[in-house]
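Architecture and fold: a report
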Amino acid sequence: MESNALILTVTASSIVALLLLIVKFKLQPFLALILVSLGAGLAIGMAPQNLLDFVVKSMGGTLGFVALIIGLGSMFGEMLRVSGGSERLALTLINKCGDRTVPWALGLVGFLVSIAVFIDVAIVILVPLIYGIARRTGKSLLYYGIPLCAGLSVTHTFLPPTPGPIATASILGADLGWVIIWGVIAGLPAMAVAGPLFGKFISNRIFVPVPEYMVQGESKFDDPSKLPAFKGVVLTLLLPLALILGNTSAEMLLAEGNPLRDTLMFIGNPIIALLLTTLLTFWVFGHNRGYSADQLQKIATKALEPAGIIILITGAGGVFGKVLVESGVGKILADAMQDMNMPLVLFGFTTAAIMRISQGSGTVAMITGASLTAPVAQLLGASPQMLALCTIAIACGGAAFSHVNDSGFWMANRYFGMSVSDTLKSWTVMKTLVGLTGLCICLVISLFIA
């Protein structure tokens, strides 16, 4: 009992220390996670030199896979952004839809674009495209903006190769094919509820005109005919998902030794799938559209700048998780969950949501939630399907409850020209609906898998 009390005290103290360092002292999350991991390791009695070796080994083990995925995904997304692929996708779907179906098309645009483009960049690119529609129809900007942002939010937190689900899946040891399957099944209803349905509701209650100070940002390309082809953009976005799903399907359906199985599993490995997609993107949207080798190198280099800090945070989160595993907190939490009859997916959601509310960053919330859930899932013998479902549940917790400590909140505040109060009523509720709807789907699915 004394040992359990020490472990719980160290775990609780570590989480409180992490929040204080990030929220109160504004320390970079990477540094905060490393410091807290070292402190927790010493508190549970690890020898200093052994602790340092453990940290280095854990950091390397986490990043071996994640760094490649995030790096390749960042280059893929940047090339698509620079070439105008995101604009082409949005403009084509908007032009082909009637006024009533435009919100649904915008939700789909967000869902697809955020596969490759980070959500903050996607907001900068896409939100100005709906200013003209809002002025033409006279409707509140929220009628179009909320569906778009809901689609962006769902994919950014539910589907690889974005950093949050990649990091969470890596810590939990979840198969990315199953993560994609559950992410789509939970994500599309979440997008529908939080996007077009809620967008219609809130736009009837809050009228948001197009902010005059943002009008100059309406068009990134003077001639839409110079944008990439619509079909090429869609196929490129779906290619890595299709290859990864091919890997999972081949492993399940084809016998070992089958040449087709080996081929599909190789090209569907997430690293190879993203490598092939990135090379294709640079060729089709870069080389074939007149970009020089020097320009392509600069695009790739720029893409890796924001990826660097995300990779380091992910690695530090993996270290924190492994220290908690080493402490033995997993068994204590597993026993407590069984006593309370709490489903594993609900535990993952709750831990991530608490971190999300406390410190703002969805990625940090998901990594911390995964770090606490991983040892519990291992002790309970969770199946590959359940591990993937837990990844999505944790993502739901990381998506929900965005408020004033989240940078996305302030981006929405600026690009929609709203007051803080209206941003809470619209953006915060939309993000919360994404998380809660996704959680409900996860809970239903969990009834049917081990």
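So, here is what we can say about the structure in this document. (Residues numbered from 1 in each chain as written. Predicted model: local features only at pLDDT ≥ 70, side-chain atom pairs only at ≥ 80, totals over all residues. Heavy atoms only, no water.)

1. Side note on the overall build of the protein chain
Of regular secondary structure, the protein chain possesses 20 helices and zero strands. By the compact-globule yardstick of 22 Å for 450 residues, the protein chain fits well, its C-alpha radius of gyration being 22 Å. Along the first, second and third principal axes, the C-alpha set of the protein chain runs to 70 × 55 × 45 Å. Here the protein chain holds 450 residues, and the buried ones make up 56% of them. A separation of at least 24 residues holds for 82% of the contacts in the protein chain among residues at least 6 apart in sequence. Of the roughly 18,400 Å² of accessible surface on the protein chain, a fraction of 66% belongs to carbon and sulfur atoms. Seen as two clouds, the 25 positive and the 21 negative side-chain charges of the protein chain have centres 10 Å apart. (Helix = DSSP H or I, 4+ residues; strand = E, 2+ residues; numbered from the N terminus. Rg over C-alpha atoms; globule rule 2.2 N^0.38 Å. Buried < 20%, exposed > 50% of the residue type's maximum accessible area, 1.4 Å probe, protein only. Contact = heavy atoms within 4.5 Å. Areas by Shrake-Rupley, 256 points an atom, 1.4 Å probe, with all protein chains shown as cover. Lys, Arg positive; Asp, Glu negative; His and termini not counted. Charge placed at Lys NZ, Arg CZ, Asp CG, Glu CD.)

2. So, the packing of helix 16 (residues 344–359) against helix 20 (residues 420–446)
At a closest axis distance of 10 Å, the pairing of helix 16 and helix 20 adopts a crossing angle of 165 degrees. When the axis of helix 16 is compared with that of helix 20, the two are roughly antiparallel. In this structure, the crossing between helix 16 and helix 20 has a hand that is right-handed. Residues Val345, Leu346, Phe349 and Arg356 of helix 16 form the contact with helix 20, whose own contacting residues are Lys431, Gly435, Leu436, Leu439, Leu443 and Ser446. (Axes fitted to C-alpha atoms, helices over the stretch in contact; angles between N-to-C directions. Parallel < 35°, antiparallel > 145°, perpendicular 65-115°, else oblique. Left-handed = near helix turned anticlockwise from the far one by under 90°.)

3. Brief notes about the nonpolar core
Counting 150 residues, the largest nonpolar core has Leu126, Phe158, Leu237 and Met430 as the members making the most contacts within it. Aside from chain neighbours lying at most four places away, what touches Leu237 is Phe76, Leu80, Leu89, Leu112, Val113, Ile115 and Ala116. (Core = buried A, V, L, I, M, F, W, Y, C linked by side-chain atoms within 4.5 Å.)

4. Quick word on the environment of Ile69
For Ile69, the location among the structural elements is in helix 3 (residues 48–83). Overall, Ile69 belongs to the buried group, its relative accessible area being 1%. Separated by 91 residues in sequence, Ile69 and Pro160 have C-alpha atoms that sit 8.9 Å apart. Every residue in contact with Ile69, bar those within four places of it in the chain, is listed here: Pro161, Ile166, Pro270, Ile271 and Leu274.

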